[in-house]
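Tertiary structure, described
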Amino acid sequence: MPSLFRRKPADLVEESVTTVTTDEVSDAARSRGYTPSKKELGVVTPKRPAAGRRPGAPSKALTKEEAREQRRTARAEASAEFRREGGARDRGPERLLARNVVDSRRTVGTWFFGGALIVLLGSNQAMPMIVRLISNALWGALALGVMIDSILISRKIKKLVRERFPKSTERLGSLYFYAIMRSITFRRMRAPQPRVNIGDKI
């Protein structure tokens with residue numbers, strides 16, 4: 001009977017030996033300050049959306065001719081837009097009214113610069129006396145015509161602005177000057193382009 005409860009030395013050795021997994025060995029080999037990576041923890045880093053990325057630089061640089069053509073096109077587009085819409089000084093309903101008043105009539109001022117050129121050539125000392133006298137008379141007639149035209153345009157603008165925009169804060173003197181400068185500009189060169197025809201009722 002005593003032999004039944006007696007264990008063999010080999011059995012004692014087998015019980016004392018425990019199985020150690022690879023993970024336990026690797027954990028034991030790591031230091032206490034070791035931080036596991038996201039890959040080891042099973043965390044997947046999300047990718048950035050492609051829509052939010054900035055577009056890449058052009059693969060091919062522009063040549064001098066292409067860059068020059070691009071600048072020329074941009075200038076042409078800006079000029080055409082200014083021709084249609086005008087600039088900051090052309091904004092406002094009062095300015096539009098002043099332009100329409102000028103564009104709806106024939107003005108002496110449209111011939112001012114052409115007449116000034118003729119006067120400049122005719123007043124030369126090399127010209128005969130009669131030519132110089134005619135040039136001076138033409139210059140006086142142009143100046144008088146522009147003055148009368150400016151007065152008539154200013155009076156009409158003043159009347160219409162007070163009727164249609166009684167609460168307007170636009171200075172009338174500024175409107176007068178704006179309209180007069182437009183009246184001495186050739187119709188085809190006016191910016192913004194005329195929106196009314198000559199003879200239209202404003």
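Please refer to the structure higher up on the page.
Just so we're clear, the structure is a prediction, and the values are computed from it rather than from any experiment.

The grouping of Met129, Ile130, Leu133 and Ile134 at the surface amounts to a nonpolar patch, some 420 Å² of accessible area in total. Mapping Ile134 onto the fold places it in helix 7 (residues 129-164).

For the coordinates displayed, the defined rule picks out two aromatic pairs. Centroid distance Phe112 to Phe113: 5.6 Å. Interplanar angle 80°. Geometry classified as edge-to-face. Judged by its relative accessible area of 47%, Phe113 is partly exposed. Arranged with centres 5.6 Å apart and planes meeting at 40°, the rings of Phe112 and Trp139 form a pair that is tilted. On the criterion of sequence distance, the pair formed by Phe112 in helix 6 (residues 112-122) and Trp139 in helix 7 is long-range, its members being 27 residues apart. An aromatic cluster is defined as three or more aromatic residues linked by ring pairs; in this entry it consists of Phe112, Phe113 and Trp139. Taking NZ or CZ as reference, Arg95 lies 4.7 Å from the ring centre of Tyr178, over its face.

Under the counting rule described, the total for this entry stands at five salt bridges. Residue Arg89 pairs with Asp90 through a salt bridge whose shortest N-O separation is 3.9 Å. Where Arg95 meets Glu170, a salt bridge forms, and the shortest distance between an N and an O atom there is 2.9 Å. Separated by 75 residues along the polypeptide, Arg95 in helix 5 (residues 93-103) and Glu170 in the loop between helix 7 and helix 8 (172-183) bring together distant segments of the chain. The buried category is assigned to Arg95, whose relative accessible area is 11%. Judged by relative accessible area, Glu170 falls into the partly exposed class, the value being 26%.

We now examine the layout of surface pockets. What the largest pocket holds in volume is close to 190 Å³. Here the residues of the lining of the largest pocket are counted per class, giving three nonpolar, two polar and four charged.

Quick notes on the rules
- Residues numbered from 1 in each chain as written.
- Predicted model: local features only at pLDDT ≥ 70, side-chain atom pairs only at ≥ 80, totals over all residues.
- Heavy atoms only, no water.
- Patch = residues over 30% accessible without salt bridge, like charges linked within 9 Å, V, L, I, M, F, W, Y side chains within 5 Å.
- Areas by Shrake-Rupley, 256 points an atom, 1.4 Å probe, with all protein chains shown as cover.
- Salt bridge = Lys/Arg side-chain N within 4 Å of Asp/Glu carboxyl O.
- Helix = DSSP H or I, 4+ residues; strand = E, 2+ residues; numbered from the N terminus.
- Phe/Tyr/Trp six-rings, centres within 6.5 Å; stacked < 30°, edge-to-face > 60°.
- Buried < 20%, exposed > 50% of the residue type's maximum accessible area, 1.4 Å probe, protein only.
- Lys NZ or Arg CZ within 6 Å of the ring centre and 35° of its normal.
- 1 Å grid on protein atoms, 1.4 Å probe; cavity = no way out; pocket = protein on both sides within 12 Å on 5 of 7 lines; lining within 4 Å.
- Points joined across faces, edges and corners; volume = space filled by probe spheres on them.
- Nonpolar A, V, L, I, M, F, W, Y, C, P; charged D, E, K, R; others polar.

From the geometry alone we can't say anything about function, so treat these as descriptive.
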